[in-house]
Amino acid sequence: MPERTDQPPNLHTLLTQVADRLDEKHPNKAMLEPLALAQALVVAEAAHGRTTTADNAERAIVAALPPIRTGDTRADYATRLRLIATGAVA
């Protein structure tokens, strides 16, 4: 499969890291949009520091986030993020 050039090459890794963080703390709590956005920032800065690259990575993560469905737990959402990271549509 050809590599996508419209996303950072490590987007799948970053999405997986967001999913891991959601699974680590309170996986049965409700998923909320502010949490997804905060995790995107935390993961991007952990990977790239406070740089323009981190800003770009955060934007790419946010753009790849699926909508939160009614009743989604953090674990449910993490599962969908992992599917997206592998190239599936969730």
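Let me sum up the structure you'll find in this document.

Scoring rules and cut-offs
- Residues numbered from 1 in each chain as written.
- Predicted model: local features only at pLDDT ≥ 70, side-chain atom pairs only at ≥ 80, totals over all residues.
- Heavy atoms only, no water.
- Core = buried A, V, L, I, M, F, W, Y, C linked by side-chain atoms within 4.5 Å.
- Buried < 20%, exposed > 50% of the residue type's maximum accessible area, 1.4 Å probe, protein only.
- Helix = DSSP H or I, 4+ residues; strand = E, 2+ residues; numbered from the N terminus.
- Contact = heavy atoms within 4.5 Å.
- Expected span 1.5 Å × (residues − 1).
- Arc of directions from axis to C-beta.
- Polar contact = N/O pair within 3.5 Å; in protein donor to acceptor, adjacent residues only side chain to side chain.

1. A word on the nonpolar core
- Grouped together as the largest cluster of nonpolar side chains are 22 residues, with contacts concentrated most on Leu 15, Leu 22, Ile 61, Tyr 77 and Leu 81.
- Sorting the residues of this core by element identifies helix H1 (11–24), helix H2 (33–48), helix H3 (52–64) and helix H4 (74–85) as the ones contributing at least two each.
- Considering every element that reaches this core, the biggest residue donor is H1, with six residues.
- With residues near it in sequence (within four places) discarded, Leu 81 still touches Leu 15, Val 18, Ala 19, Leu 22, Leu 65 and Pro 66.

2. Some details on H3
- Taking 1.5 Å per residue as the helical rise, H3 with its 13 residues ought to reach 18 Å, and the 18 Å between its terminal C-alpha atoms agrees with that figure.
- Within the span of H3, buried status applies to Ala 54, Ala 57, Ala 60, Ile 61 and Ala 64. On an axial view of H3, the arc spanned by its buried residues comes to 120 degrees, and they lie on one face. Exposed positions of H3 whose direction lies more than 90 degrees from the buried face are Thr 52, Arg 59 and Ala 63.
- Buried residues along H3 sit against H1, H2 and H4.
- Of the residues flanking the start of H3, the one acting as N-cap is Thr 51, its side-chain oxygen 3.3 Å from the backbone nitrogen of Thr 53.

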